[in-house]
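Each chain, letter by letter, is given below.
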Amino acid sequence: MLELRGVRHHYDGRVVLDIERFAVSPGALTAIVGPNGAGKSTLLRLLALLEPPTEGEVLLDGKVVSSGRGARPDAKLRRRVTLVEQRPMLFRGTVRDNLKFGLRARGIRRAELNRLIEDVAARLGIARLLERQRHGLSDGEVQRVAVARSLVIEPDILLLDEPASSADRAAAQTLYHALEEERRRRPLAICLASHQLEDAYRWADDVRALAEGKLSTVTPENLFRVELPNASAGDLKHARVGAVEIAAMTDKSGPAILAVPPTDIIVSREPPPSPSSARNVFTGRVTRLAHQRPGGGGAGGAGGTGGAVHVTADVGVELVAVVTDEAARDLGLTLGSPVVFAFKASAVRVF
């Protein structure tokens, strides 16, 4: 298990990460989702042992391997953890040369080396690229080659920063299928940062939200940066988000983040009868339906054996709600169908 404990990380005197505990469990796929600047890439760099935390510890299998007190990992430990950054750099030469590099460093013989390269290239759909020079690759192809270069050396833990950000839909699905196959083949732990919520819920065992360097207690969707007006303590406040205003109960003012838990949104085909306790009632159309992976941990408790559906709707801003499979069927939810989202002002978290 790879863990962060009591981590506070600073850049130029500014706290960019403040995490009491975060763990990548053996054999699990954990997804981290959050807005740009949330700290996702920094979190992955600390987990990859590329830099020590300013405060706190990084542990591998219960042993402190990096810390703000001076502990530094040795080369053997570093080899167990591999990071593929969002814009990875390839070595000079061909794709095959790139895949050879780590295997040669580990003393793999030529016959076995070639077999491993052909296998991982086939699984990631890059076999036709093996003899191509790095400068002849698209951004999406560079990402897949970088993932293949990491997979072929069989690390214990693979860290991926937006691995499909430059890939088309087919290439992204090929990538995730290859990762799933690798996890079935051996006990590989994966932690990835992604903006693609649908992919995170489909493929991950656990989905965690990161905002302002802190792990959120709510699921990753429906996080909005806002400016709250000044008002007396406990006032009902309205914050502009896209084309709508969201009502929240808070004594905060100024810059803030609103979080609307998807499980607190009531989904219907008609507005609730008046009067209603729901201060937020928005009408729109369904833009996406994503089924929760059975047994997954990222649906904020809305999963279970019956399954859950993540319903995305454009109501003037994109909002995501979670309903059961049965509710989705009863409501007749399909792409483009009209829908009403309603939630109380007290359901809106402010931080």
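No experiment lies behind these values; they were computed from the predicted model shown.

Let us now look at the overall build of the protein. What the protein contains, in helices and strands, is eight helices and 20 strands. Relative to a compact globule of 351 residues, whose C-alpha radius of gyration would be 20 Å, the protein shows 22 Å and is just as compact. Along the first, second and third principal axes, the C-alpha set of the protein runs to 75 × 50 × 40 Å. Within the protein, the fraction of its 351 residues that count as buried is 53%. Look at the contacts in the protein between residues 6 or more apart in sequence, and 68% of them connect residues 24 or more apart. In the form shown here, the protein has an accessible surface area of approximately 16,400 Å², with 48% of it arising from carbon and sulfur atoms. When the 48 positive and 42 negative side-chain charges of the protein are each reduced to one mean point, those points stand 5 Å apart.

Moving on: the packing of helix H3 (residues 95-105) against helix H4 (residues 110-123). At their nearest, the axes of H3 and H4 sit 10 Å apart, and the two run at 130 degrees to each other. Put simply, H3 runs oblique to H4. For the element pair H3 and H4, the recorded crossing hand is right-handed. Contact residues: Arg96, Leu99, Lys100, Leu103 and Arg104 in H3; Leu113, Asn114, Leu116, Ile117, Glu118 and Val120 in H4.

This brings us to the layout of surface pockets. Quantified by volume, the largest pocket comes out at close to 510 Å³. Lining of the largest pocket is provided by 21 residues; of these, Val81, Thr82, Leu83, Ser150 and Ile153 occupy positions nearest its centre. Every element with two or more residues in the lining of the largest pocket is listed here: strand E6 (81-84), H3 and helix H5 (139-151). Per-element accounting of the lining of the largest pocket gives the leading share, four residues, to E6. Each residue belonging to the lining of the largest pocket can be placed in one class, and the counts come to twelve nonpolar, three polar and six charged.

Across all of its chains, the model carries three aromatic pairs by this definition. Between Phe91 and Phe101, the aromatic rings sit 4.5 Å apart at their centres with planes inclined by 45 degrees, giving tilted as the arrangement. Highlighted residues: Phe91 in the loop between E6 and H3 and Phe101 in helix H3, separated in sequence by ten residues. Overall, Phe91 belongs to the partly exposed group, its relative accessible area being 36%. Aromatic side chains Phe282 and Phe343 sit 6.0 Å apart centroid to centroid with 55 degrees between the ring planes, which places their arrangement in the tilted category. Taken together, the residues span a long stretch of sequence, with Phe282 in strand E16 (residues 280-291) and Phe343 in strand E19 (residues 338-343) at a distance of 61 residues. In this structure, Phe282 and Phe343 share a single accessibility class: buried. Just above the ring of Phe91 sits the side chain of Arg149; from NZ or CZ to the centre is 4.6 Å.

The next point concerns the pairing of strand E5 (residues 63-67). Relative to E5, strand E4 (residues 55-60) runs antiparallel, the two sharing four bridges. Within the sheet, the bridge partner assigned to Val58 lies in E5 and is Ser66.

This part takes up the confidence of the model for the protein. For any part of a model where pLDDT is low, the fine detail of the predicted coordinates should not be relied upon. When the pLDDT values of the protein are averaged, the result is 88; 93% of them are 70 or greater. Taken as a whole, residues 295-305 scores under 50 in pLDDT and shows 22 contacts with residues more than four places along the chain or in a different chain.

Quick look at the side chain of Glu51 now. Looking at the secondary structure, you find Glu51 in the loop between helix H1 (40-47) and E4. The exposure class of Glu51 is buried, given its relative accessible area of 15%. Only 2.9 Å separates the side chain of Glu51 from the side chain of His9, close enough to count as a polar contact. Among the polar contacts listed, one links the side chain of Glu51 to the side chain of Tyr11, at a separation of 3.0 Å. Dropping the residues within four chain positions of it, Glu51 is found in contact with His9, Tyr11, Arg45, Leu46 and Ser66.

Right, let's talk about the environment of Asp161 for a bit. Structurally, Asp161 is set in strand E7 (residues 157-161). By relative accessible area, Asp161 is classed as buried at 7%. It is 9.4 Å that separates the C-alpha atoms of Asp161 and Ile32, two residues lying 129 residues apart in sequence. Aside from chain neighbours lying at most four places away, what touches Asp161 is Ser41, Leu44, Val84, Glu85, Gln86 and Ala193. Engagement of the side chain of Asp161 in a polar contact is seen with the side chain of Ser41, the distance being 2.6 Å.

Take the sheet that holds strand E14 (residues 254-259) next. Strand order in the open sheet formed by three strands is E11-E14-E20, and the pairing between neighbours is antiparallel. Only two strands of the sheet have a single neighbouring strand rather than two, namely strand E11 (223-228) and strand E20 (349-350). Across six bridges, E11 lies against E14 in antiparallel orientation. The residue of E14 that forms the bridge with Leu223 is Ala259.

Taken together, the nine bridges between strand E1 (residues 2-11) and strand E2 (residues 14-24) define a ladder with antiparallel strand orientation. When the sheet's bridge partners are listed, Arg5 is paired in E2 with Arg21. Linkage of E1 to E2, two consecutive antiparallel strands, is achieved through a turn of two residues, within which Asp12 is found at a positive phi near 55 degrees.

Basis of the calculations
- Residues numbered from 1 in each chain as written.
- Predicted model: local features only at pLDDT ≥ 70, side-chain atom pairs only at ≥ 80, totals over all residues.
- Heavy atoms only, no water.
- Helix = DSSP H or I, 4+ residues; strand = E, 2+ residues; numbered from the N terminus.
- Rg over C-alpha atoms; globule rule 2.2 N^0.38 Å.
- Buried < 20%, exposed > 50% of the residue type's maximum accessible area, 1.4 Å probe, protein only.
- Contact = heavy atoms within 4.5 Å.
- Areas by Shrake-Rupley, 256 points an atom, 1.4 Å probe, with all protein chains shown as cover.
- Lys, Arg positive; Asp, Glu negative; His and termini not counted.
- Charge placed at Lys NZ, Arg CZ, Asp CG, Glu CD.
- Axes fitted to C-alpha atoms, helices over the stretch in contact; angles between N-to-C directions.
- Parallel < 35°, antiparallel > 145°, perpendicular 65-115°, else oblique.
- Left-handed = near helix turned anticlockwise from the far one by under 90°.
- 1 Å grid on protein atoms, 1.4 Å probe; cavity = no way out; pocket = protein on both sides within 12 Å on 5 of 7 lines; lining within 4 Å.
- Points joined across faces, edges and corners; volume = space filled by probe spheres on them.
- Nonpolar A, V, L, I, M, F, W, Y, C, P; charged D, E, K, R; others polar.
- Phe/Tyr/Trp six-rings, centres within 6.5 Å; stacked < 30°, edge-to-face > 60°.
- Lys NZ or Arg CZ within 6 Å of the ring centre and 35° of its normal.
- Pairing = 2+ DSSP bridges.
- pLDDT = per-residue confidence, 0-100.
- Polar contact = N/O pair within 3.5 Å; in protein donor to acceptor, adjacent residues only side chain to side chain.

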